[in-house]
Amino acid sequence: MQLCGFIITNDGGMESLNLTRSILAEIVGTFFLIFIGCGGVHGALTAGLPIGQAGVLQIGFAFGLGIGGAVHLFSDISGGQFNPAVSFGLFFARQQSLVDACIFSVAQVVGGLIGCGVLQGILGYCPGSVDLASDITELGGFAIELFGTLFLVLTVLSTTNSKRGHAPSYLQPLSIGICIFTLHMFLVPTTGCGLNPARSFVTNVVAGTLNSSFYIYIIAPMVASIAGGLLYEFLFNPHYAPAKHIVTETCSRRPRQTLDGFGQKLI
């Protein structure tokens, strides 16, 4: 069912087994995001690396490479979303149903809670909770989280756009990992780098650090998901013509110069 071109539910529903796989992929992927990324925070703190110097690099690498690995693992199953802002960005870009976005967002919270619980059991506390730096106002923090998440959502939509004619399954983990790493360089010292309502919610709930400014880490990324999805779908996406269809040919049947590096002919 669609409403004004936006997919509300998949026609005929999603096959039960495929839906179960996708939910499990989102749970496991978000678990690894929290376990590796927040584990990197613990590593930086244990090593005595001050935030703003080498500590930011270690945390950025942990989250960037961790999310890149998780996306590579599960992108062909659930899309490798692991973030409600990404899930709803895909909905507003008319690439995913509203029902799937809601289901995956719940799965991401569940996976994040499991990850936090495991870290709590191993370390005795849950690292990685987010809060504004003392010199950052709520308005400033909102803007930082908004624009940071907008960059992430646009990156995801760009790398998964089949009209661009590249192989998104290979570029998606790399580009998203680099995006996350880069954003951590600025956001860790200012807002703690939320970008992900599920990640921020589970770490702050388990750590018991919810405060009056926490709404920033939920509302700003979700506003960015709406803006990013609509911007990309209606402003940037029309720029691309449909990708050329790829037909497999053997080298013996066609001259070599008509084939690309993978023995395929573009038509």
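These remarks concern the structure in this document. (Residues numbered from 1 in each chain as written. Predicted model: local features only at pLDDT ≥ 70, side-chain atom pairs only at ≥ 80, totals over all residues. Heavy atoms only, no water.)

From N to C terminus, the chain includes eight helices and four strands. Put simply, the chain runs from its N terminus to its C terminus through helices and strands in the order β-β-α-α-α-α-α-α-α-α-β-β. Considering the chain as a whole, with its 267 residues, one finds that 45% of them fall into the buried category. For the chain, contacts bridging at least 24 residues in sequence account for 73% of all contacts bridging at least 6. (Helix = DSSP H or I, 4+ residues; strand = E, 2+ residues; numbered from the N terminus. Buried < 20%, exposed > 50% of the residue type's maximum accessible area, 1.4 Å probe, protein only. Contact = heavy atoms within 4.5 Å.)

This part covers the pattern of salt bridges. Two side chains that carry opposite charge are able to pair once their charged atoms sit near each other. Tallying each qualifying case throughout the model produces one salt bridge. Note that Arg 94 is salt-bridged to Glu 233, the shortest N-O span being 2.9 Å. Within this pair, whereas Arg 94 is found in the loop between α3 (84-92) and α4 (98-123), its partner Glu 233 is found in helix α8 (residues 216-236), the two being separated by 139 residues in sequence. On the basis of relative accessibility, which here comes to 30%, the residue Arg 94 falls in the partly exposed class. Its relative accessible area of 13% is what places Glu 233 among the buried residues. (Salt bridge = Lys/Arg side-chain N within 4 Å of Asp/Glu carboxyl O.)

Now for the packing of α3 against helix α5 (residues 138-159). α5 packs onto α3 with a crossing angle of 55° between their chain directions and a minimal axis gap of 10 Å. With respect to their mutual orientation, α3 and α5 come out oblique. Relative to α5, α3 is oriented so that their crossing is right-handed. The residues of α5 that touch α3, namely those facing Ala 85, Val 86, Gly 89 and Leu 90, are Thr 149, Leu 152, Val 153, Val 156 and Leu 157. (Axes fitted to C-alpha atoms, helices over the stretch in contact; angles between N-to-C directions. Parallel < 35°, antiparallel > 145°, perpendicular 65-115°, else oblique. Left-handed = near helix turned anticlockwise from the far one by under 90°.)

Here Gln 2 shows up in strand β1 (residues 2-3). C-alpha of Gln 2 to C-alpha of Ser 97: the two residues are 95 residues apart in sequence and 8.6 Å apart in space. Setting aside residues no more than four positions away along its own chain, Gln 2 makes contact with Ile 7 and Ile 8.

Attention now goes to unusual backbone geometry. Although it is not a glycine, Arg 94 adopts a positive phi angle of roughly 60°. The phi dihedral of Leu 195 falls on the positive side, at around 65°, and the residue is not glycine. The residue Leu 195 is located in the loop between α6 (168-187) and α7 (197-207) in this model.

Once that is clear, we can look at the nonpolar core. Formed by 46 residues in total, the largest nonpolar core has its most connected members in Phe 63, Ile 67, Phe 82, Leu 152, Ile 176 and Ile 180. Only α1 (16-46), α2 (54-74), α3, α4, α5, α6 and α8 provide two or more residues apiece to this core. Excluding anything up to four places from it in sequence, Leu 152 contacts Asn 83, Val 86, Ile 176, Cys 179, Ile 180, Leu 183 and Leu 195. The next biggest cluster of nonpolar side chains, apart from the first, holds six residues, and it includes Ile 8, Phe 88, Phe 91 and Ala 101. (Core = buried A, V, L, I, M, F, W, Y, C linked by side-chain atoms within 4.5 Å.)

This part covers empty space enclosed by the protein. Per the stated rule, a full pass over the model turns up one cavity of 30 Å³ or more. Volume-wise, the largest cavity comes out at about 210 Å³. Lining of the largest cavity is provided by 20 residues; of these, Ile 67, Asn 83, Leu 152, Ile 180 and Asn 196 occupy positions nearest its centre. Considering every element that reaches the lining of the largest cavity, the biggest residue donor is α6, with four residues. For the lining of the largest cavity, a count of residues per class yields 12 nonpolar, seven polar and one charged. (1 Å grid on protein atoms, 1.4 Å probe; cavity = no way out; pocket = protein on both sides within 12 Å on 5 of 7 lines; lining within 4 Å. Points joined across faces, edges and corners; volume = space filled by probe spheres on them. Nonpolar A, V, L, I, M, F, W, Y, C, P; charged D, E, K, R; others polar.)

Before going further, it helps to examine the packing of α3 against α8. One way to put it is that α3 packs onto α8 with a least axis distance of 8 Å and a crossing angle of 30°. Accordingly, the angle class assigned to the pair α3 and α8 is roughly parallel. As for the relative orientation of α3 and α8, their crossing is right-handed in sense. Between α3, through Pro 84, Ala 85, Phe 88, Gly 89 and Phe 92, and α8, the contact on the second element is made entirely by Pro 221, Met 222, Ser 225, Ile 226, Gly 229, Leu 230 and Glu 233. For the contact of α3 with α8, the per-class residue count stands at eight nonpolar, three polar and one charged.

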